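Read off the chains here:
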Amino acid sequence: QVQLVESGGGLVQPGGSLRLSCAASGNIFSSNIMGWYRQAPGKQRELVATITSGGSTRYVDSVKGRFTIYRDSDKNTVYLEMNSLKPEDTAVYYCSIRRLFVSRPDYWGQGTQVTVSS
């Protein structure tokens with residue numbers, strides 16, 4: 001069992017920044033991929049960014065150059081730094097973790113709301 005606890009969401013003006021955090025605990029897989037998804041009202045959930053236990057990262061095109069995913073291995077915590085935020089970034093953001101050779105996340109966080117509005 002793995003628990004994921006998210007924090008850092010909130011209201012921010014366009015062009016502003018937020019940092020989301022996701023603290024993992026429990027039986028964490030030695031080799032894993034953690035990621036951030038988001039789901040806007042009336043939209044499908046989309047994968048925003050991923051990071052492997054080795055530190056390799058990937059991003060959806062719409063956030064490249066603006067968002068950064070990174071991790072603190074000592075704290076088993078993954079972060080999503082979001083800069084130059086746009087109204088279209090408004091969504092509930094979900095943290096996830098999966099083993100290397102599975103196609104879908106094994107565990108999800110509860111979600112944290114990010115609202116970008118003036």
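See the structure shown above.
Parameters at a glance
- Residues numbered from 1 in each chain as written.
- Predicted model: local features only at pLDDT ≥ 70, side-chain atom pairs only at ≥ 80, totals over all residues.
- Heavy atoms only, no water.
- Disulfide = S-S within 2.5 Å.
- Helix = DSSP H or I, 4+ residues; strand = E, 2+ residues; numbered from the N terminus.
- Buried < 20%, exposed > 50% of the residue type's maximum accessible area, 1.4 Å probe, protein only.
- Contact = heavy atoms within 4.5 Å.
- Core = buried A, V, L, I, M, F, W, Y, C linked by side-chain atoms within 4.5 Å.

> I tried to follow the state of the cysteines on my own but got confused; where do I start?
Note on terminology: disulfide describes a covalent bond linking the sulfur atoms of two cysteines. Counting across every chain of the model gives one disulfide. In this model, cysteine 22 is linked to cysteine 95 through a disulfide, with the two sulfur atoms separated by 2.1 Å. Between cysteine 22 and cysteine 95, the S-S torsion sits near -80°, and that sign places the bridge as left-handed. Of this pair, cysteine 22 sits in strand β3 (residues 18-26) while cysteine 95 sits in strand β9 (residues 91-99), and the two are 73 residues apart along the sequence. Just as cysteine 22 is buried, cysteine 95 falls in that class too.

> How should I be thinking about the side chain of serine 96 in this particular structure?
Checked against the element boundaries, serine 96 lands in strand β9. Judged by relative accessible area, which is 4%, serine 96 ranks as buried. Setting aside anything within four residues of it in sequence, one finds serine 96 in contact with Leu4, Ile33, Met34, Gly35, Tyr37, Pro105, Tyr107 and Trp108.

> What is the right way to look at the nonpolar core in this model?
In globular proteins that are soluble, nonpolar side chains generally tend to be buried together. Residues Leu4, Met34, Trp36, Phe67, Leu80, Met82 and Tyr93 are the most contacted members of the largest nonpolar core, which totals 26 residues. Those elements giving two or more residues to this core turn out to be β1 (2-7), β3, β4 (32-39), β5 (46-52), β7 (67-72), β8 (77-82), β9 and β11 (112-116). Setting aside residues no more than four positions away along its own chain, leucine 80 makes contact with Leu18, Arg19, Leu20, Trp36, Ala49, Phe67, Thr68, Ile69 and Tyr93.

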